[in-house]
Every structure is written in C-alpha cells, then in structure tokens.
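Summary of structural features
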Amino acid sequence: MATATQTPQQHGPSEHDLQALAEIERRVLWLAVRIVDHANRERPPGDALKVGGHQASSASIATIMTALWFWDMQAGDRVSVKPHASPVLHAIQYLLGGLERRHLTTLREFGGLQAYPSRTKDPFPVDYSTGSVGLGAAAPLFGALTARYVESHFGRTRSGRFISLLGDAELDEGNVWEAINDPATAGLGDAVWIVDLNRQSLDRVVPLIRAGGLGQAFRSAGWDVIELKYGRRLREAFARRGGKLLRRRLDELSNPEYQSLFAADEDTVMEALARPLGPKKRRKLLDLLAGYEGQVASLIQDLGGHDLADLTAALASTHPPRDRPTVIFAYTIKGYRLPIAGHPLNHSAHLTAEQIEEVRTELANGDDWARLRSGTAAAALAAAARARLGSQPPPEPRRPIAIGPSAERPIRGEATQEAFGRALVELASEPGVAERIVTTAPDVSVSTNLGGWINKFGVYAPEDEPDFTAGEALRWKVGPEGRHIELGISEMNLFLLLGQLGLSHELTGELLLPIGTVYDPFVCRGLDALIYGLYSDSRFVIAGTPSGISLSREGGAHQSTITPSIGIELPGITYVEPAFAAEVDWLLRDGLRRLSEPDGESLYLRLSTKPIKQAPFEAARKAMGDDALRDAVLAGGYWLHVAAGSGPGVTIAACGAMVPEALEAAALLEAEEGIAASVLAVTSPDRLYRGWRSAQMAPLADAHARRPRSHLELLFDDQPEPIVSVIDGASHALAFLGSALGRKQVTLGVDRFGQSGSLPDVYEAYDLSPDAIASAAIAALCP
C-alpha cells in the first residue's frame, strides 16, 4: 500500500489515498469557488466595475490540479496554469501553506491575488505568467529547451518537468502549433501538457471536439498521447450487458446535446440516450440504466479528467527519463459539481447566494476558509506534498557579468547590421561572456548577420549531426556545443524562446545572455510573445534588422514604420537605434551588461543595411573623446555637428539611418540659406524620453527637491531654436522633443506604407530627402 510520503514513481495511490485526494479535491474546489464569490458578493466595491472570476473554469480543472500537486508533483517541476484556473492555484497554495488566510479575500484587489497567475504580481512564487491564451501553454516547452541547452553547455542536470495546464480552447491558438512543430522542441521528454478538455469556450459549447485529430497532430510532431475520456464508473458500465450501446450513444452525442443533459432529470437523460435506438436495443440500454436508478445523471458525468486514479496513473507515466514530450487529453465538465455545470454561458457566470449555500452543503466542511482538518488522511497527504515540494526559494538572483565598454579593436562596417555581426564576434574574446551568449533566429540568421557567430560557435542540437558544409563560407556545424538555436519561421517561437532563455538563472541556475534577430517589421508579428516575455521579467536582446523604408528594394511588406513607437512604449525594454558602428558596439555591450543586473532590462536594437560613412562620427569622437561620447551615446544622443554660423539657428534631430540625410540637409542650409543648422544624433529616443519624464516626475516624490535636468535638457541651451526631427519610422516617435523643450517642431517620418524604389526616390516621396529636411527647417523658422 502506498503511503503519503512515497513518490508516484514507487506506487500509485491506494483506495485510502484516493479517498483522501477526493477530500482535498472538494476543499480545493470549494475554496476556489468561495474566493471568487467573496470578491464579487461580499467585499465592498471600490468602483462600479464587475470584479469577475471564473468559477466554472476553475471547477473543470480542480481534479487535475489536485492530483498533480497533492500526489504527483516533485520539487523541480515547473507548472504553467491556465489563466482561468488562478483561483484553484490560490486554493492549493493556501492548503500547502504558501498563502496566508488574509490573501483569500483579496482576489483582483490592488496588491492582492491576481486575476491570472503572475510571476511578478502574485503574493507567492508563480512559475509562469498566463493570461493571453496559448502563450503560457507554450512557454514551458521552451523552458525545457532552455534546460536542455544549459545541460549541454554547463553540465547541470535537468531537475524536473515543464508542465502546461491548458484549456482545450487554447489549442485554437496558432502559436501552440508553431511551438510543438518546431524541430528545436523535438524530443523534450520533460515537457508535459495536460489539456482540460471541457468542450466549452468563452461564448458557447464547442460543437465539435477534434480530440482524435488533435491527438494525431501531436503524434505526428513526436509526442506521446494519453486520452482520459471516461472514468472508472462509466468503464465498468461499458463492461456490462448493454454497455457497448451506452458507449456508442455517448460517443455519438454532440457536445451541446451531451452537456445539456448535465442539468436534466434522470428520465430526460435516459430518453435522450435511448431515443434513436430500435425497440430491441432501446430495451437493452434501458435495462442497463435501470441498474443505476437515481445515479444515471451523475453516471454520464463520470469523465476521465475527474477520475483521480486515472489522472495519477497518467501523470506517473510522464516522469523522466523520457525521450519525447507527452500530452494528456483529460475530458472534464466546465462547472463540475456546481449548479452551472455544462451550461452554455457558464464561463463568466457567478453562483447566486442560494447556489453558494447549495454548494457549501455539499463541499464545505465547517469554516469556509479552513484548511484541511488536522489528523485526517487528507491533511497527511497535504503535509507530505508540502515536504516533497519544499518551500520554494526566492528567484535565483541575477549575477552581474563584467563586460568591457568597447571592443579592443574598432568595430568596422558601414551598415549597423554589419557592425552588429562584427561586434558580436568580438564579444567572443571577453572572458566569462561568450560562453553565456546564445543566439537565436527564425530562419533568418544569415540575413541578419549572425553568420560570423555561427561560423565560430556552431548551431545547437542535443546530438551531433553530419556536417556537409566544410569549405563553405557559412559552416553549419550542428551539435551539443553549438551556441546558436535555429528556429523555423515563427516570430512567436522566437520571442517565447528568448523569454525562457532570459529566465535561465531561475529555471536552471545558470545565467544566459540571449540575443535574437528578426526582420524588424516582423517584431509586430511576434509582439504578443514579446510582451509576454517582458511581463515575466525576462531579459534578452532583440535585433530588429533590416528596418524602415531604407529597405526600399524589398517593398512595403518588409518595411517597418511603427516599431520605434513599440520600443519606446513597452516597459522592461530599452529601444536604441544607432547610426554608426562604434555606437552599435557600445550600445550592445551596455545592453548585455544590463541583462545581468538586478534592476536591468532587455534591449531592442533597431538596425539597418544602409551603408553610412563613418567619418562624421570619427570627427565627433576626436572632438569629444571616447568616454564623453560613449556616455552621451548611451544616454540617448549627442551633437554630431554644431553649426558655427551666426544666422538663424535650427536643430535637426536625426535617428539611425537618417543621420546622413540630416548632415547633408544641414550643409545645404548653411551653404545656400545662411541658416546655422546643427545635427543631434539621437541614439535612443526611448532613453531621451524616459530621462526627461523622470526629471519631470521627480517633484512628485519630493516637492522640496530641486528638479534635476535630464540628458535631453542638458544637450540644449535656452535658445528657442526650432527642431526638425527625422526618423525612418513613424514621425510620432520623435514628436515629444519640441514639447519637452518648449520649442517649435516639424516632425518628419514615415506615416504611410512604404514601397519599392531607390533610396533617393523613396526618400523624396516620403519627405526624408536632404532637400525635404532643409525645406522643413526653413518652414520651422517661419513665424
């Protein structure tokens, strides 16, 4: 007989254990329901908005989560919980001692329990944030890939499984299938997905469930598939005379019809099952059901996802070592054991006061908020689970990594994309740095200039693969020592992987410095996953390249316009857009260093393939010196050209690829109009804006303190010269400069979709040519 302290690998649960688990399940379900109920009916409202919560979605997965946490889960396992099951997670944490009782009445309250599991905002450790469906489900798959990579490179043995608990509707999300079909995720035996197959989405009962087709899709991707459709009681009924008819009829029912029977009386259920049968088969089926008098309605709800014995057996089969991932399809009932079970619109429904009393009678045991009764078998199982899992330590702190401020040899290259590739290879000589850098790309590594890095360090795979590229300009050597992870063409996978690589210090105890590259317009395609990674406090570098209409020959579909605004407005990431090679080197090194700092953040490099002469930068370097110029570059901008004339003055603030046109426009203005035009090279609109806003907000923290001057303000004197801003992106990205400085401003940028053509033609069409910039400056000087 298994005891509460034995691991699931040793023995399955005895009937005594199953009874104890069933008691825990009832308590988990009641607490989850009550947490939502109290927040909506009893807590004083702070406003007129509905609090919300998901009692029905929580009910469908309560059995699964009970079996996982209180019997199967081991220390080292990491679990992503479907968004709408957060009250169940809260209930489990409370029963295991991870939450204090006071927290149970704070659902969706400021500083309280979160609507969806959150790594950064819940008052207890959460492995994976969830909320945007499909992302939290797929993220652990890339967590398993991260663990496999670290094991190959640092010798750290993988310590547990990466488990995803997801709703069946999440399998409608395309990013889920992109993740399971990517060759990079193949063979991850410590990845386990458990699908809460309750056959309902937000608005309806799903007409068809393609479980068979879904299972085949997983098998085709190299997964083991386990289906838990019917529970033990139904399987026992199937084995009796007439049982085959019962199974056939249940299988034949559409989902809406099947679930409509959950609230029906027994006679209605029996009639619905027997209706299409001929007299002989009808009598045979009714004779079988007569043996379950008074229990027929509950019998047809006996699904595998609510059978603790089936669940614990399935979970036990997923423990490593395994050579492939596993998916478990667990059939469940949305609203299980609640008066709203199976109702088509139960997703956002809340139990009434009368219904709460009904459920309290069935599920609660005395005090609404009590933990498990001391001295019971259920309490013993909970104590064993608590001991087995241990108290979760705080996240592994990031260990700052020393990175030199610049390469020993000057970085060459006229295009910033080219300079990026060279700077990356130069980092290979930094002690303690190169072995922690891992690059990745969605099948664009060569065209984003990762070729040098790949030639030097190879492509990662768990096993060596034959090399047929010897003697080629790009050697595609694949094996466990490689430091580049090549993905299929999926930007969602890129950002999900970067998010997990950027949390490797927590997942594996080893800090990585992840760098991903992608064509800049397709940052938008993976934006949901990028936001997910940043919300989870992950740290990584993303190089968006090539960018803007400067990629003119590729046509409008490959030209980015709004990505600067994305970089400025997203929390947790710094957007930079260099123009010169040395700027790329300095910004990349600074960004990598900040990845490892406790208060650091991610870096977004927006790069270009446009050649730019380096002489203007070298002149500024000579005038300012490396240290002062580097400080200014990192702060967001510096004076690249200061006009010496005595005529009316104007500032041209230019970003990235548009700096040469700004310089040429300044020369035209000075030579032909006598206008003193200075050029400000903006390396990071993001840092300029944030620095200015921080200075503006400082008096709110201390009304008596003197307001500091930001880097932007320090760059300018008090002369009210107008500004012309120019960027190869939406003009909005630099539009804050004039208002911040109290100056007139004309904004130039790309506010229409791009098109093919030569750079002179395209720049002329979009008012980015030197003549157009000069004309804007003249207009800005007009009263």
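Below you will find a few notes about this structure. (Residues numbered from 1 in each chain as written. Predicted model: local features only at pLDDT ≥ 70, side-chain atom pairs only at ≥ 80, totals over all residues. Heavy atoms only, no water.)

Within the protein, the regular secondary structure consists of 30 helices and 18 strands. Relative to the compact-globule value of 28 Å for 783 residues, the protein shows a C-alpha radius of gyration of 31 Å, a close match. Seen through its C-alpha atoms, the protein measures out along the principal axes to roughly 105 × 65 × 55 Å. Burial statistics for the protein: of 783 residues in total, 60% are counted as buried. In the protein, the proportion of contacts linking residues at least 24 apart, taken out of those at least 6 apart, comes to 77%. With the model as given, the accessible surface of the protein reaches about 30,900 Å², and the carbon-plus-sulfur share is 52%. Once the 77 positive and 96 negative side-chain charges of the protein are each reduced to a mean point, those two points are 7 Å apart. (Helix = DSSP H or I, 4+ residues; strand = E, 2+ residues; numbered from the N terminus. Rg over C-alpha atoms; globule rule 2.2 N^0.38 Å. Buried < 20%, exposed > 50% of the residue type's maximum accessible area, 1.4 Å probe, protein only. Contact = heavy atoms within 4.5 Å. Areas by Shrake-Rupley, 256 points an atom, 1.4 Å probe, with all protein chains shown as cover. Lys, Arg positive; Asp, Glu negative; His and termini not counted. Charge placed at Lys NZ, Arg CZ, Asp CG, Glu CD.)

Looking now at the sheet that holds strand β5 (residues 326-331). The strand order across the open sheet built from five strands is β1-β2-β3-β5-β4, with neighbouring strands paired in parallel fashion. Single-partner strands in this sheet number two, and they are β1 (78-80) and β4 (224-228). Each strand axis lies, on average, 15° off the axis of its neighbour in the sheet, ignoring direction. The pairing of strand β2 (residues 162-167) with strand β3 (residues 191-197) spans six bridges and is classified as parallel. In the sheet register, Ile-163 faces β3, and the bridge partner there is Val-192. With respect to the sheet, helix α2 (residues 55-72) is in contact with β1, β2, β3 and β5, its orientation differing from that of β2 by roughly 160°. Helix α13 (residues 308-316) rests against β3, β4 and β5 of the sheet, and its axis sits at about 175° to β4. (Pairing = 2+ DSSP bridges. Axes fitted to C-alpha atoms, helices over the stretch in contact; angles between N-to-C directions.)

This part covers the pattern of salt bridges. Throughout the structure, instances matching the rule amount to 51 salt bridges. Here Arg-232 ties to Glu-15 by a salt bridge, and the two come within 3.3 Å at their closest N and O atoms. Here the residue Arg-232 occupies a position in helix α7 (residues 232-238), and Glu-15 occupies one in helix α1 (residues 15-42), the gap between them amounting to 217 residues. A relative accessible area of 48% means that Glu-15 is categorised as partly exposed. The network of salt bridges with common partners includes Arg-34, Asp-37, Arg-41, Glu-42, Glu-357, Arg-360 and Asp-368. (Salt bridge = Lys/Arg side-chain N within 4 Å of Asp/Glu carboxyl O.)

What follows concerns a positive patch on the surface. There is a patch of like positive charges on the surface, built from Arg-241, Lys-244, Lys-280, Lys-281 and Lys-284. For the positive patch, the element with the most residues is helix α11 (residues 279-290), which contributes three residues. Tracing the chain through its elements places Arg-241 in the loop between α7 and α8 (243-252). (Patch = residues over 30% accessible without salt bridge, like charges linked within 9 Å, V, L, I, M, F, W, Y side chains within 5 Å.)

With that out of the way, let us pick up the environment of Ser-775. Assignment of secondary structure puts Ser-775 in helix α30 (residues 770-781). On the basis of relative accessible area, Ser-775 is assigned to the partly exposed category, the value being 48%. Separated by 162 residues in the primary sequence, Ser-775 and Lys-613 have C-alpha atoms spaced 24 Å apart.

Moving on, we come to helix α22 (residues 581-595). A rise of 1.5 Å per residue sets the reference length of α22, with its 15 residues, at 21 Å; its end C-alpha atoms lie 21 Å apart and thus fit the reference within 8%. Counted residue by residue, α22 has 13 buried out of 15 residues, so it is predominantly covered. (Expected span 1.5 Å × (residues − 1).)

With that settled, consider the sheet that holds strand β16 (residues 676-682). An order of β14-β16-β15-β17-β18 is seen for the five strands of this open sheet, with the pairing classed as mixed. The strands lining the two open edges of the sheet, one partner per strand, are β14 (637-641) and β18 (745-748). Each strand of the sheet is rotated relative to its neighbour by a mean of 25°, with strand direction disregarded. When strand β15 (residues 649-655) meets β16, the two strands line up parallel, connected through seven bridges. Bridging from a neighbouring strand, Ala-653 pairs with Leu-680 of β16.

One can describe the packing of helix α5 (residues 174-181) onto helix α18 (residues 491-501) by two numbers: an axis separation of 9 Å at closest approach and a directional angle of 75°. Judged on the interaxial angle alone, α18 and α5 are roughly perpendicular. Facing Asn-175, Glu-178 and Ala-179 of α5, the residues of α18 in contact are Met-492, Asn-493 and Leu-496. A class-by-class count of the residues in the contact of α5 with α18 yields three nonpolar, two polar and one charged. (Parallel < 35°, antiparallel > 145°, perpendicular 65-115°, else oblique. Nonpolar A, V, L, I, M, F, W, Y, C, P; charged D, E, K, R; others polar.)

On to unusual backbone geometry. Looking along the chain, the bond that leaves Pro-320 and enters Pro-321 is cis, with omega of 5°. By the secondary structure assignment, Pro-321 is in the loop between α13 and β5. In this structure, Pro-546 follows Thr-545 across a cis peptide bond, with omega equal to -5°. In this structure, Arg-337 is a non-glycine residue whose phi angle is positive, near 70°. With respect to the helices and strands, Arg-337 occurs in the loop between β5 and α14 (353-363). Here Arg-337 falls in the partly exposed class, since its relative accessible area comes to 26%. In this structure, Asn-449 is a non-glycine residue whose phi angle is positive, near 70°. In this fold, Asn-449 is placed in the loop between β6 (437-441) and α17 (451-457).

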